[in-house]
Amino acid sequence: MSDPTSHELTFSRYEDVTAALADPALVPPPATPGPYGTVAWLRATVARFSAGEPHARRRALVLADLERLDPGKLRVLAAGGFDPDVRLRVVRALARELGLAEPEVVARDVKAVARAYFEPEPDDPAADAAVARLLPAMGEDDPETAANRIGLLVQACEATATLVEHARRSGGAAAALRDDPPVRAMRRFAARATEVGGVAVPAGAHVLLDLDAAREPGREPLAFGAPPRPCPGRSHALVIAEGILYGSSDPADTSRPPAEEPLPQAELASLIPEMVDHVLALADTWTAWDGRPSVNGDGRTYTPHKAIRRVTDHLLDHWAEVEARLAGEPAAADHWHASNVTTPADLVPFTAADLDEARSRLTRLGRIWAQRVAGLPERQLDDSPGSGWSFRHIVCHLARTGFYYVDSVGPIERQEPTR
């Protein structure tokens, strides 16, 4: 009879996977220690590959770092910058919010470490050198605290960047977690004999948890683990992903497909012109603006010029995306500052001439969108070429956000002079 510990047991039912994740007998595969300042040493010193008291102590260090991060600031930091390398953007945002010096340098070194971090026996001199540089950059004298800060950055580098990549092809982060998770499997090691789903797991056995196969409609996705020890960085990963995907100040629901029944093509084609009519009806009152920016219910600042800028840029950005995808080309990277900034030009008076310009510009853009949507083969509305949201989702998204931008300013009543 073969040694049962020489085989890997696989569990793929939702109930079995969640039970295994909650079982204290099943721990992360222990890391082999290495010389100080190497990837092997890092793996043996972080919470990710620890169990028992060391895990509890090291997890507390990670939680302490996460608790001092401001989600709103993380989203703004993730939205900024034009670097196409998502991994660098993720780490840079975290490093800046953690107050680390030279976040650009830290991001490059973390990316180098990440390629060796999940190898059971890492052998990467460049990654080892990056760990040695990162340790003093963490701003901590205690090596264990510094190591777990590096571990936090490394795990965010890979998992959050993969979440963003999957969200771009799935229609948002929520859809990616449900249908195309960034983490498809987890491994555990049986520190002592146990049982999962009626299957005996002997001490020393290796266990593979197939998260992809365990997905079930209506149940919590498992990419971030499960109670009692879910990944503590889940909410932070999501706000960073949202910042990269949608900018720092877009409405919170823009990642979600509309819940209503699909509109007939003719009605879908009319959505953006109808939104433009609403924009211009409000803008017609904005020549009375007194120069004070509005802060909406989400805490975002808008002015008449900024609202028009966002509507116009948003229509232009997605128009370019649709045309690129129809031509079989990759869409251009999104380098808008979006609502992340309020520029000096946003703060100037909104004049009758500005209203005329906005009317000419937006009416034409609305007409272009109506013609393009009406002229598409109907099947392409939902089965759209290229990667990203369906064309139907893009049109509904544009209509929703257009209302959001201008309603953040609202109608402005002209004040009669006092006598």
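Residues numbered from 1 in each chain as written. Predicted model: local features only at pLDDT ≥ 70, side-chain atom pairs only at ≥ 80, totals over all residues. Heavy atoms only, no water.

Enquirer: Requested: an account of the overall build of the chain, with residues and values cited.
Expert: Regarding its fold elements, the chain presents 14 helices and eight strands. By its C-alpha atoms, the chain is 90 × 50 × 40 Å across when sized along the principal axes. Counting contacts in the chain only where the partners sit at least 6 residues apart, residues at least 24 apart contribute 74% of the total. A total of about 20,000 Å² of accessible surface is found on the chain, and carbon and sulfur atoms cover 54% of it. When the 46 positive and 60 negative side-chain charges of the chain are each reduced to one mean point, those points stand 1 Å apart. (Helix = DSSP H or I, 4+ residues; strand = E, 2+ residues; numbered from the N terminus. Contact = heavy atoms within 4.5 Å. Areas by Shrake-Rupley, 256 points an atom, 1.4 Å probe, with all protein chains shown as cover. Lys, Arg positive; Asp, Glu negative; His and termini not counted. Charge placed at Lys NZ, Arg CZ, Asp CG, Glu CD.)

Enquirer: Residues and numbers for helix α11 (residues 265-283), please.
Expert: For α11, which comprises 19 residues, the first-to-last C-alpha distance of 28 Å matches the rise-based estimate of 27 Å (1.5 Å per residue) to within 8%. The largest bend along α11 reaches roughly 30° and is located at L271, with the proline P273 sitting one to four residues downstream. Where α11 is concerned, the buried positions are Q265, L268, A269, L271, I272, M275, V276, V279, L280, L282 and A283. Of the surrounding elements, those touching the buried residues of α11 are α12 (304-326), α13 (352-375) and α14 (391-407). (Expected span 1.5 Å × (residues − 1). Bend = angle between axes of the 7 residues up to and from the residue. Buried < 20%, exposed > 50% of the residue type's maximum accessible area, 1.4 Å probe, protein only.)

Enquirer: Tell me about the sheet that holds strand β3 (residues 185-190), residues and numbers included.
Expert: Strand pairing in a sheet relies on backbone hydrogen bonds, with the paired strands running either antiparallel or parallel. Read from one edge to the other, the open sheet built from four strands follows the order β1-β6-β3-β2, with strand pairing classed as mixed. The strands lining the two open edges of the sheet, one partner per strand, are β1 (8-11) and β2 (26-27). Pairing of β2 with β3 involves two bridges; the strand directions are antiparallel. Looking across to β3, one finds that V27 is bridged to F189. The sheet contacts of helix α1 (residues 14-22) involve β1, β2, β3 and β6 (206-210), and relative to β6 the element is tilted by about 130°. (Pairing = 2+ DSSP bridges. Axes fitted to C-alpha atoms, helices over the stretch in contact; angles between N-to-C directions.)

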